[in-house]
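Residues per chain, in single letters:
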Amino acid sequence: MNERPSSRTSRFNWRVVHTLAKRDLKIVGRSKAILLPMVVVPLIFIVAIPLGVGLFAPQMASAGESEDLGRFLEMMPAPMRKAFAGYTDAQIIVVATIQHLFAPMFLIIPLMVASTIAAGSYVGEKERGTLEALLHTPTTDLELFAGKLLAAWIPACVIGWGSFLVYTVVANVGAWHVMGRIYFPNAMWIALVTWVVPAAAGLGLGMILLISARVSTFQEAYQIGGVVVVPVLLLVFGQLAGVLYFNLIAVLVLGAILWAVDAAMIWFGVRTFRRDEIIARV
Amino acid sequence: MSSEDAKTMAVHTENLKRIFGNVNERDHVVAVNGLNLDVRPGEVFGLLGHNGAGKTTTIRLLNGVLAPTAGSMRVLGYDPVEEGPYLRRQTGVLTESPSLDEKLSAQENLTIYGRLYGVDETTTRARAAELLETFDLSTRAAEPVGTFSKGMRQRLALARALLHQPRLIFLDEPTAGLDPVAAESVRRLILRLTEENRRTVILCTHNLVEAQRLCHRVCVLEHGQLVALGTPTNLSRNLQQGIRLTIEMDRYDPDAFSPPEAAREVTWNAGAQVLQLRLPHREDVPALVASLVDAGHRIYRVSPEEPTLEDVYFALHNAHESAGKKVVV
């Protein structure tokens, strides 16, 4: 005899969620259009830039780049400025760029990975015509939502954390001839990676979730989803303009704000992810 | 029908209605309009109608994927709205487009859906292998579905719909877009499925020859409304009065033989030596043949032409369209 509880109270099945997430990841892993930006962008951010800054810091210092950095340091709060005391111009360039200026830009990686996978998972499914069969399965709306959410969120976090490890190695190796010691990461970066990176990933996929109902192709979703980097760019320019600085407190506050936004988007997503509304648009 | 009778049905709907859009706005669409339906267990039931008649929406409603605007339904004893996940464990759906993951292999497509339908790993693997063999896909099991022909995709989608051994199967245009050989292969699979396994099948199609061949009963939908219901044969007999005869004979001598008064549409094709006419009842045929022989004609062949489901469908469609126009006026 079958159990007959209501679907609204049916037990949440993690095996189903795991299967859905694994399925989406398999499809993403075999799609060049989705995979390519997820490999190329992190490579530029975590290898090319720190290596370039480390290797060419002495030349940049002699070319007068340190004057710009000097102005940047002058705008910094006094306690933070003290951290640069006793550094050579080349060391200032390395530490200010790799540790401070680059911190908000690093968030582009989880944001981009999450929004790319989510675009492929939510909107790409519609585009590939595979959504209807999925909606006819016994999965509940919540399981479908959770499967798709985890399929984007987990790889974005893993790639974010992996990128941080590579960035740590490249930053220290590339600038060894300037710094002469392991100078990276500091406490602010540890907080950034463990607290803010997962929240930034949530923001990327939440953004796609919000627009997924209004777009019909992966490319469309991917392009509109590019808007998620705007807050990151504001943080970068905010630092350059002396409006805000990435220190431990700022990172903890930023993380708390992003988690709050994520929670609101997930709450909205759970309420609006209804198969009868989704299938009406298929 | 009593509530007890309704409980024994595989599908029972009462005044089922689905409207898309806001009813107060001009562009709303009534996709299903007051549908009353009973499908018996083990039956192959055809939903006929042209594009936009409400066939796919009906399947979505019956499988608990789409919520009705009004009315009630029970499918395999479940309320699709409240017990959708439990109902869907017992149903299999072949959607209008195969809806397969093209980046994944045939094997992966089946195993993933096996897990989603709650079938354990060992059983899923065994059934997937068996179905791939049955559907003549085992040699391509590891290849991405993107490399498959349309017929192969359709067979794989059908295999996926059967993997969890559902009690009720919805087939939405299973042979649409297939070449005649592939379509015939899918039809044979459906026949085998119902004859050997006694599963209930709801078949959406606008291929009337297919419906006549496969379905025990059919209903015709027009603008979301049920306009006819019955066995293909009964529908044909009830809606197309009389029987049309083709008689091949040596000559036609109107002086020696005059057709009965009830005969209609009498024509003689001298070149083909064929007399064609319509009689009101099958029982009139022996007397007609006897009187032709008495009049000295040599009869070579007598062929009754039963009206096809296609004749019935077009008669219904035309009648409904004219009635619809009258209502509008």
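Nothing here was measured: the structure is a model prediction, and the numbers come from that model.

### Digging into the overall build of chain A
At step 1: Scanning chain A for helices and strands turns up 14 helices and 0 strands.
At step 2: Going residue by residue from the N terminus, the α and β elements of chain A occur as α-α-α-α-α-α-α-α-α-α-α-α-α-α.
At step 3: Overall size of chain A, expressed as C-alpha extent along the three principal axes, is 75 × 35 × 30 Å.
At step 4: Relative to its full complement of 282 residues, chain A shows a buried share of 52%.
At step 5: Carbon and sulfur atoms provide 70% of the accessible area of chain A, an area that totals close to 12,500 Å².
At step 6: The averaged location of the 16 negative side-chain charges in chain A is 9 Å from the averaged location of its 21 positive side-chain charges.

### Points about the pattern of salt bridges
At step 1: Applying the stated rule across the entire model yields 27 salt bridges over all chains.
At step 2: Note that Arg23 of chain A and Asp101 of chain B form a salt bridge whose closest N and O atoms lie 2.9 Å from each other. Within this pair, whereas Arg23 of chain A is found in helix α1 (residues 14–29), its partner Asp101 of chain B is found in the loop between β5 (91–94) and α4 (106–116), the two belonging to separate chains.
At step 3: On the accessibility criterion, Arg23 of chain A (0% relative accessible area) is buried.

### Thoughts on helix α2 (residues 32–62) of chain A
Turn by turn, an α-helix covers 3.6 residues, leaving residues three or four places apart pointing in a common direction.
At step 1: Helix length check: α2 of chain A, at 31 residues, gives a terminal C-alpha distance of 43 Å against a target of 45 Å (1.5 Å per residue), a fit within 8%.
At step 2: Regarding α2 of chain A, the residues found buried are Ile34, Pro37, Met38, Pro42, Phe45, Ile46, Pro50, Val53, Gly54, Ala57 and Ala61 of chain A.

### Some thoughts on the confidence of the model for chain A
At step 1: Summary statistics for chain A give a mean pLDDT of 86 and a share of 95% for residues scoring 70 or more.
At step 2: A low-confidence stretch, residues 5–9 of chain A (pLDDT under 50), is modelled with 12 contacts involving residues beyond four sequence positions or located in other chains.

### Remarks on the sheet that holds strand β7 (residues 200–205) of chain B
All names here are of chain B.
At step 1: An order of β5-β6-β7-β3-β8-β9 is seen for the 6 strands of this open sheet, with the pairing classed as mixed. With one partner strand each, in any of the chains shown, β5 and β9 (225–230) form the two edges of the open sheet. Across this sheet, the average inter-strand angle for adjacent strands is 15°, counted without regard to direction.
At step 2: Two strands pair when backbone bridges link them, and β5 and strand β6 (residues 168–172) are joined in this way by 4 bridges, in the parallel orientation. What sits directly across from Gly92, in β6, is Ile169.
At step 3: Here helix α6 (residues 150–162) sits on the sheet in contact with β5 and β6, set at roughly 170° to β5.

### Comments concerning the side chain of Arg199 of chain B
All names here are of chain B.
At step 1: Examined against the element boundaries, Arg199 turns out to sit in the loop between α7 (180–197) and β7.
At step 2: Buried Arg199, no salt bridge; nearest opposite-charge side chain is Glu130, N-O distance 8.5 Å.
At step 3: In terms of polar contacts, Arg199 uses its side chain to reach the backbone carbonyl oxygen of Pro166, at 3.1 Å.
At step 4: Among residues more than four places away in sequence, those in contact with Arg199 are Gly42, Glu43, Leu162, Gln165, Pro166, Arg167, Ile169, Leu193 and Thr194.

### A word on the side chain of Thr19 of chain A
At step 1: Inspection of the secondary structure puts Thr19 of chain A in helix α1.
At step 2: Given a relative accessible area of 2%, Thr19 of chain A falls into the buried group.
At step 3: Thr19 of chain A has contacts with Ile112, Arg115 and Leu116 of chain B, leaving out every residue within four places of it along the chain.

### A few points about the interface of chain B and chain A
At step 1: Each side of the interface is counted separately: chain B has 41 residues, and chain A has 36 residues.
At step 2: Across the chain B/chain A interface, buried area totals approximately 3,300 Å², and carbon plus sulfur atoms make up 53% of it.
At step 3: Counting the surface chain B buries against chain A, the share from its top three residues, Tyr86, Lys103 and Leu116 of chain B, is 20%.
At step 4: Here chain B and chain A share 5 salt bridges between them.
At step 5: The tally of links from chain B across to chain A stands at 15 residue pairs in polar contact (both at pLDDT 80 or more).
At step 6: Going through the elements one at a time, α2 (55–62), α3 (84–88) and α4 of chain B are the ones with two or more residues in the side of chain B that touches chain A.
At step 7: It is α4 of chain B that provides the largest number of residues to the side of chain B that touches chain A, a total of 5 residues.

Rules used throughout
- All residue numbers refer to positions counted from 1 along the written sequence of the respective chain.
- Both sets of labels track the order of writing: A upward for chains, 1 upward for ligands.
- For this predicted model, a pLDDT threshold of at least 70 governs which residues receive local features, and a threshold of 80 or more governs which side-chain atom pairs are given and counted, while totals over whole chains, interfaces and linings are taken from all residues.
- Side-chain metrics in this entry use all non-hydrogen atoms of the structure; hydrogen atoms and water are not considered.
- Secondary structure elements are defined from DSSP: runs of H or I of at least 4 residues count as helices, runs of E of at least 2 residues count as strands, and each element is numbered from the N terminus.
- For every residue, the accessible area (1.4 Å probe, protein chains only) is compared with the maximum for its type, and the residue is labelled buried under 20%, exposed over 50%, or partly exposed between those bounds.
- For the accessible areas, the method is Shrake-Rupley and the probe is 1.4 Å, while residue cover comes only from the protein chains on display.
- For the purpose of charge, His is not counted, nor are the chain termini; Lys and Arg are scored as positive and Asp and Glu as negative.
- Where a charge lies is defined by one atom per residue type, namely NZ (Lys), CZ (Arg), CG (Asp) and CD (Glu).
- Within this document, salt bridges are pairs made up of a side-chain nitrogen of Lys or Arg and a carboxyl oxygen of Asp or Glu, the two lying within 4 Å of each other.
- Each helix should span, by expectation, one fewer than its residue count multiplied by 1.5 Å.
- pLDDT measures the predictor's confidence residue by residue and takes values from 0 up to 100.
- Between two residues, a contact is recorded if the distance between any of their heavy atoms is within 4.5 Å.
- Between any two strands, pairing holds if DSSP finds at least two bridges.
- Simply put, an axis is a line fit to the C-alpha atoms, just over the touching stretch for a helix, and the angle between two N-to-C directions goes from 0 to 180 degrees.
- A 3.5 Å cut-off defines polar contacts: any pair of N or O atoms within that distance qualifies, except that in protein one atom must be a possible hydrogen donor and the other a possible acceptor, and neighbouring residues in sequence count only when both atoms are side-chain atoms.
- Two parts lose some accessible area (1.4 Å probe) when they are put together, and adding that loss for both gives the buried area.

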